[in-house]
Amino acid sequence: MLRIDDILNAAVIAGCSELFGSAPDASQVSVQRTRPEFEGERTVVVFPFTRLSKKSPEDTGTALGEYLVANCDDVIAFQVVKGFLNLSLSDSYWINELNGAVGAGAGFGLQPKASKPQVMVEYSSPNTNKPLHLGHLRNNFLGYSVSEILKAAGHDVVKVQIINDRGIHICKSMVAWLKFGEGETPESSGLKGDKLVGKYYVAFDKAYKAEVPDHGEDNAPILLEAREMLHKWENGDPEVRALWQKMNGWVYEGFDATYTEMGVDFDKLYYESNTYLIGKDQVEKGIASGAFTKRDDGSVWVDLTDRGLDEKLLLRSDGTAVYMTQDIGTAILRFEDYPALDRQVYTVGNEQEYHFKVLFEILSKLGFDQGERCHHLSYGMVELPEGKMKSREGTVVDADDLLAEMRETAEAVAVEAGKLDNIPEADRPELFKQVGYGALKYFLLRVDPKKSMMFDPKGSIDFIGNTGPYLQFNYVRSRSVLRNANIEDSTSLNISPIVSLDQTEKALLMTALSLPDIIEEAARLYDPSIVANLCYDITKSYSSWYQDHPILKEEDSDLREARLAICALCSSAVKTGMSLLGVSMPERM
RNA sequence: GGCUCUGUAGCUCAACUGGAUAGAGCAUCGCACUACGGAUGCGAAGGUUUGGGGUUCGAAUCCCUACAGAGUCACCA
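Remember, predicted model here, so these are calculated numbers, not experimental data.

> What is the right way to look at the packing of helix α6 (residues 168-180) against helix α8 (residues 193-215) in this model?
Each pair of packed helices gets described by two things: the angle between the helix axes and the distance between those axes. The interhelical angle for the contact between α6 and α8, taken along N-to-C directions, is 85°, at an axis separation of 8 Å. As summarised for this structure, α6 and α8 are arranged roughly perpendicular, according to the angle between their axes. Along the contact surface, α6 presents H169, K172, S173, A176, W177 and F180, while α8 presents V197, Y200, Y201, A203, F204 and A207. Class assignment of the residues belonging to the contact of α6 with α8 gives a composition of nine nonpolar, two polar and one charged.

Given below as structure tokens:
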């Protein structure tokens, strides 16, 4: 909240106590921004106090308003409308805030580094035989953005992913490559490694389906071969392991290229082939401590019915691990790797909500108190106009294709608008990425993560209206103004306290100044959409203000300086906010 | 069937977590126009917040209920 809000909160409580003889509970005090159609900037809702004052809302508001004007230096006037007490703050208050924020420079809105507990964020974690698609883009952008937001809020963040590099699915691709591949490699085919392996996964499926009518689903020869290969892999067969490493290597090269394009990164990688066995020991410990129970058939279960959940299998009767077993092991491994870790955040689709509820309960049951602080960053599916993406129907939107399309669209729009004359040839590819990827990231992140969202590939993404490029365009314009004013370091701007600001300017300032609160809230809720919406609010207000408030042409030098500062603050706040979404802002476009 | 989530303008999304007359963008129509960068700004039109009850000064938001959609409830991952 704004600095003034703390003061107002306290003053309202003190005022009630003095005027009405008893103080309201802190939770009853609500200070919010005044709606633009009314005079003033901050509003106190007075209904809760009528019980104390035993007066009408209007009289209560008036009494409180008079008290606040008398006792708070920055409150210069008030107005009561129905049960709402609207307060006008002094120009000097806003100038002070503006000076403070501009003085903080690029650090405005950011908490000191590592001033809060260490958090691990897991995201991406793809299957290694399918290329990345649109759903992964939402996952990656979300995970990356939440990591950046947590950092900005002062947490030390460790970005990780678990790579699903073993199992029957990998063996399927390997079998198909041996049978049909004729030694094809990324180099020989010119295909990206992940695409090449994906191609053989599809080839396997095709061959398998052809065999099913004659042999049945469970006895198709090619499936038996894959199972045989999985056995060999588990027994460490050197040839199988070598092939496995070769093909996974191709996939990683392909994925890395895509991650680089997306602008996401990881501090540490976990591989399922290294962690899939470690959960069993933890399950054994759980049996010993009484957290889990072993049944007569040898299977192991956890009973969570007292927590409103079900019983869940942790080890099969033959002693082999299930998915949950691995996740328990991996989670505990991570707590061991990072002893200071306060919690883990898992960026995984909402179809696994139940799984993570169970996982966190189990961690608590095993004595890890971090369990109750862990968070499943659950997100909804990205749907197409014709419904869900289905590989069988060929409606999967490939990540690399989409990124390329965004670059091309950015270029086409720039050419169409005749914007490239002043952009050196060498800088253009980078610019098209900034604009194209900015549009895509903003589009995917401005929606509340938990909601499923609609993506229309044919309509593509607009570059006007509430879009990434609109924010970039206004950023570029404000940077241009600052350049023309020869302002290299805006922290040196210092606004005279005698400048008078109009209502539009105060409202704009109020919006931009809320960046620190919004970052904190977004970190608390693990929700980048709040940051995206703030960036839009600032930009929209800025653009409207810019239209009829001359900056460079303003003749009053104090006012000119103040407007330059507003310009600097808005552009800096939006740049910071957008960087938390993984969107980089061009200087020219 | 049990549990979870969602339902807001023609479409895509907001609404400070219970506050004032529910706001933006797109699309439609109109206005500004040699613009400190027009990838702009302003305005019009568009709503019984899925229906029905309830709680209270006050509900898109909380409770109950009906309806619609999604997910989940595997010795799958």
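> Help me out: how do you make sense of the sheet that holds strand β9 (residues 300-303) in this one?
As a general point, the strands of a sheet are linked pairwise by backbone hydrogen bonds and lie either parallel or antiparallel. Taken in spatial order, the three strands of this open sheet run β8-β9-β10, and their pairing is antiparallel. Each end of this open sheet is capped by a strand with a single partner; those strands are β8 (293-294) and β10 (311-315). The sheet contacts of helix α12 (residues 279-289) involve β9 and β10, and relative to β10 the element is tilted by about 125°.

> Hey, could you run me through the packing of aromatic side chains in this one?
Both the distance between ring centres and the angle between the ring planes are used here to describe each pair of aromatic rings. Considering all chains together, one arrives at 18 aromatic pairs under this definition. Between F443 and F455 the ring centres are 5.6 Å apart and the planes differ by 80°, which places this aromatic pair in the edge-to-face class. Placement of F443 in helix α16 (residues 428-445) and of F455 in the loop between β14 (453-454) and α17 (468-484) is noted, with a sequence separation of twelve residues between them. By relative accessible area, which is 1% here, F455 ends up buried. Here the aromatic residues Y123, F255, Y259 and F266 are joined through ring pairs into a cluster of three or more. Sitting over the ring of Y276, R166 keeps its end group 4.1 Å from the ring centre. One Lys or Arg, R241, reaches over the ring of W244 and ends 5.5 Å from the middle of that ring.

> Can you walk me through the protein's contact with RNA strand B in this structure?
Neighbouring residues of RNA strand B: 63 residues in total, closest D297, K388, K419, R477 and K553. Expressed as a percentage, the sugar and phosphate content of the atoms of RNA strand B within 4 Å of the protein is 62%. With respect to RNA strand B, the side chain of S480 contributes an N or O atom lying 3.1 Å from a phosphate oxygen. Taking N484, its side chain carries an N or O atom lying 3.4 Å from a sugar or linking oxygen of RNA strand B. When contributions to the surface near RNA strand B are tallied by element, the ones reaching two or more residues are β2 (42-45), β4 (84-89), α14 (353-365), α15 (399-416), β14, α17 and α20 (528-548).

> Help me out: how do you make sense of empty space enclosed by the protein in this one?
Sizing a probe to match a water molecule and rolling it over the atoms shows the empty space that remains. On inspection of all chains with the given rule, the structure shows two cavities of 30 Å³ or more. Taken together, L471, N474, Y475, S478, I538, T539, Y542, C567, C570, S571 and V574 make up the full set of residues lining the largest cavity. Of all the secondary-structure elements, those providing two or more residues to the lining of the largest cavity are α17, α20 and α21 (557-580). Empty space within the second largest cavity amounts to approximately 40 Å³. As for the second largest cavity, its lining consists of T128, N129, I170, S173, V197, M247, N248 and V251. Where the lining of the second largest cavity is concerned, the elements lending two or more residues are α6 and α10 (238-262). No other element matches α10, which puts three residues into the lining of the second largest cavity. Looking at the lining of the second largest cavity, its residues break down into four nonpolar, four polar and no charged.

> Can you walk me through the layout of surface pockets in this structure?
Looking at the largest pocket, its volume works out to about 1,700 Å³. Along the wall of the largest pocket there are 50 residues; nearest its centre are N127, K130, P131, H133 and H136. At the level of secondary structure, the elements contributing two or more residues to the lining of the largest pocket comprise α5 (134-152), β6 (155-163), α8, α13 (323-337) and β11 (341-349). By residue number, the principal contributor to the lining of the largest pocket is α8, which donates eight residues. Residues of the lining of the largest pocket, tallied by class, amount to 15 nonpolar, 20 polar and 15 charged.

Cut-off values and rules
Residues numbered from 1 in each chain as written. Chains lettered and ligands numbered in written order. Predicted model: local features only at pLDDT ≥ 70, side-chain atom pairs only at ≥ 80, totals over all residues. Heavy atoms only, no water. Axes fitted to C-alpha atoms, helices over the stretch in contact; angles between N-to-C directions. Helix = DSSP H or I, 4+ residues; strand = E, 2+ residues; numbered from the N terminus. Parallel < 35°, antiparallel > 145°, perpendicular 65-115°, else oblique. Contact = heavy atoms within 4.5 Å. Nonpolar A, V, L, I, M, F, W, Y, C, P; charged D, E, K, R; others polar. Pairing = 2+ DSSP bridges. Phe/Tyr/Trp six-rings, centres within 6.5 Å; stacked < 30°, edge-to-face > 60°. Buried < 20%, exposed > 50% of the residue type's maximum accessible area, 1.4 Å probe, protein only. Lys NZ or Arg CZ within 6 Å of the ring centre and 35° of its normal. Near = heavy atom within 4 Å. Polar contact = N/O pair within 3.5 Å; in protein donor to acceptor, adjacent residues only side chain to side chain. 1 Å grid on protein atoms, 1.4 Å probe; cavity = no way out; pocket = protein on both sides within 12 Å on 5 of 7 lines; lining within 4 Å. Points joined across faces, edges and corners; volume = space filled by probe spheres on them.

It is worth stressing that arrangement in space is one thing and function is another; only the former is reported here.
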